[in-house]
Amino acid sequence: MTLFTDETRARAREIISRYPADRSRSALLPLLHLVQSEEGYVSPAGVEFCAEVLGLNKAQVGAVATFYTMYKRKPTGDYLVSVCTNTMCNVLGGQEVYDTLTEHLGVGHDETTADGKITLEHAECLAACDYGPVMTVNYDFFDGVDPQTALGVVEELRAGGRPMPTRGARLCTLKEMSVQLAGFADEREGAVADGGPGEPTLRGLRLAQQHGISVPGFDPNTPIRSKAEADRAAAEAKAKAEAEKTKTAPAPEPAVPAAASGSTAPDVKAPDDKSPEVRAAETRQPDAQTAVPDAPGTKAPVDGAPPAPRDAQNAEAEGAAANPPAGDGKPAGDNAAAQERSLKEAEANK
């Protein structure tokens with residue numbers, strides 16, 4: 001296994017730290033660019049290295065590395081020259097540009113020149129139809145090329161020069177570009193500021209300015225934040241809004257008793273715990289001097305109060321015997337015994 005440099009290993013740890021611990025395998029794509037930046041392609045050792053630091057097996061890493069064309073599986077030149085041969089660029093002369101370079105360099109698709117400078121490839125689409133035919137060098141654009149323009153670019157590259165792209169930053173090698181694709185800035189002074197936009201790209205912006213069209217609230221100076229930074233800012237904004245809401249909310253008014261507020265609502269009496277039989281017996285009391293009896297149909301006189309007339313007691317006892325109250329909660333045997341006692345008392349009082 002290739003012993004990758006300490007700098008590469010430190011960068012690998014930095015890449016992995018950008019992701020949650022349970023999602024560390026998401027770091028695989030930039031890690032593949034990182035190993036390509038050291039070796040110029042994703043070698044078997046690079047696959048093993050990615051598997052090692054992410055806790056994956058080599059088959060999982062290899063499946064990703066072979067899916068994307070930006071990961072090269074064999075040594076690649078310093079400059080990857082891609083010529084678009086898709087429909088629009090082909091109609092405009094893209095295939096002629098590619099054929100001319102193939103003949104001049106003596107290499108075909110995905111092949112590298114003997115000096116190790118140029119790897120040539122035809123591209124299905126480079127997403128720049130309004131600039132066609134287009135050619136890229138390490139993914140920076142050369143627009144509106146023809147066979148002679150393309151030859152001039154590759155000859156300057158082979159001579160050690162770095163021609164300025166039509167759009168994009170200053171040219172760099174494939175290894176330098178792979179570092180940037182891994183998520184690290186171009187450290188060359190002024191390299192990013194060298195390039196400029198193309199006229200077709202600016203056309204939409206100029207039309208928007210001409211007609212006063214803009215995105216509401218758009219601020220071009222707004223920094224692009226990571227997801228963690230955005231989540232933290234959203235949480236802080238939410239906490240601040242909650243604090244403001246609590247600060248401005250009116251204090252609750254104290255409860256006012258009904259009597260003090262002059263309410264005419266009827267008083268609500270608390271329910272008592274008397275049984276239906278007790279309440280029924282109370283309603284049958286002839287006066288306030290009698291109490292609730294233990295047995296249905298009888299009355300116990302209160303001290304100092306005259307007993308009820310005997311005839312009235314007899315009549316009430318007979319009625320209670322004939323119509324015992326329902327649902328008194330006592331067993332049937334207790335009710336019968338109480339009725340029998342009442343009848344005997346009634347007979348004895350005659």
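See the structure shown above.
The following paragraphs examine the structure supplied in this document. For clarity, every value in this text was computed on a predicted model and none was experimentally measured.

1. Thoughts on the packing of helix α2 (residues 28-39) against helix α4 (residues 58-65)
Stage number 1. At a minimum axis distance of 11 Å, the contact between α2 and α4 shows a crossing angle of 80°. Between α2 and α4, the angle is such that the two are roughly perpendicular. Residues Leu 28, Leu 29 and Leu 32 of α2 form the contact with α4, whose own contacting residues are Val 61, Val 64 and Ala 65.
Stage number 2. Tallied by class, residues from the contact of α2 with α4 come to 6 nonpolar, no polar and no charged.

2. A few points about helix α6 (residues 94-105)
Stage number 1. With 12 residues, α6 extends 17 Å from end C-alpha to end C-alpha; this agrees with the ideal 16 Å at 1.5 Å per step.
Stage number 2. Taken residue by residue, α6 has Gly 94, Val 97, Tyr 98, Leu 101 and Leu 105 as its buried positions. Along α6, the residues classed as buried sweep out an arc of 95° about the axis, all on the same side. Set apart from the buried face of α6 by more than 90 degrees, the exposed residues are Glu 96 and Glu 103.
Stage number 3. On its buried side, α6 packs onto β1 (79-84), α5 (87-92), β3 (118-123), β4 (135-137) and α7 (147-158).
Stage number 4. Directly after α6, the chain includes Gly 106, whose backbone phi takes a positive value near 75°.

3. What to know about the packing of aromatic side chains
Stage number 1. Within the structure shown, the criterion is met by 3 aromatic pairs.
Stage number 2. Here the aromatic rings of Phe 4 and Phe 49 are separated by 4.7 Å at their centres, their planes lie at 45°, and the arrangement is tilted. Within this pair, whereas Phe 4 is found in the segment before α1 (6-17), its partner Phe 49 is found in helix α3 (residues 44-54), the two being separated by 45 residues in sequence. The pair formed by Phe 4 and Phe 49 is uniform in burial state, with each residue classed as buried.
Stage number 3. Judged by centre distance (6.1 Å) and plane angle (90°), the ring pair of Tyr 68 and Tyr 71 falls under edge-to-face.
Stage number 4. Given a relative accessible area of 37%, Tyr 68 falls into the partly exposed group.
Stage number 5. Here Tyr 71 falls in the buried class, since its relative accessible area comes to 6%.

About the thresholds
- Residues numbered from 1 in each chain as written.
- Predicted model: local features only at pLDDT ≥ 70, side-chain atom pairs only at ≥ 80, totals over all residues.
- Heavy atoms only, no water.
- Axes fitted to C-alpha atoms, helices over the stretch in contact; angles between N-to-C directions.
- Helix = DSSP H or I, 4+ residues; strand = E, 2+ residues; numbered from the N terminus.
- Parallel < 35°, antiparallel > 145°, perpendicular 65-115°, else oblique.
- Contact = heavy atoms within 4.5 Å.
- Nonpolar A, V, L, I, M, F, W, Y, C, P; charged D, E, K, R; others polar.
- Expected span 1.5 Å × (residues − 1).
- Buried < 20%, exposed > 50% of the residue type's maximum accessible area, 1.4 Å probe, protein only.
- Arc of directions from axis to C-beta.
- Phe/Tyr/Trp six-rings, centres within 6.5 Å; stacked < 30°, edge-to-face > 60°.

Any functional reading would require information beyond the geometric quantities listed.
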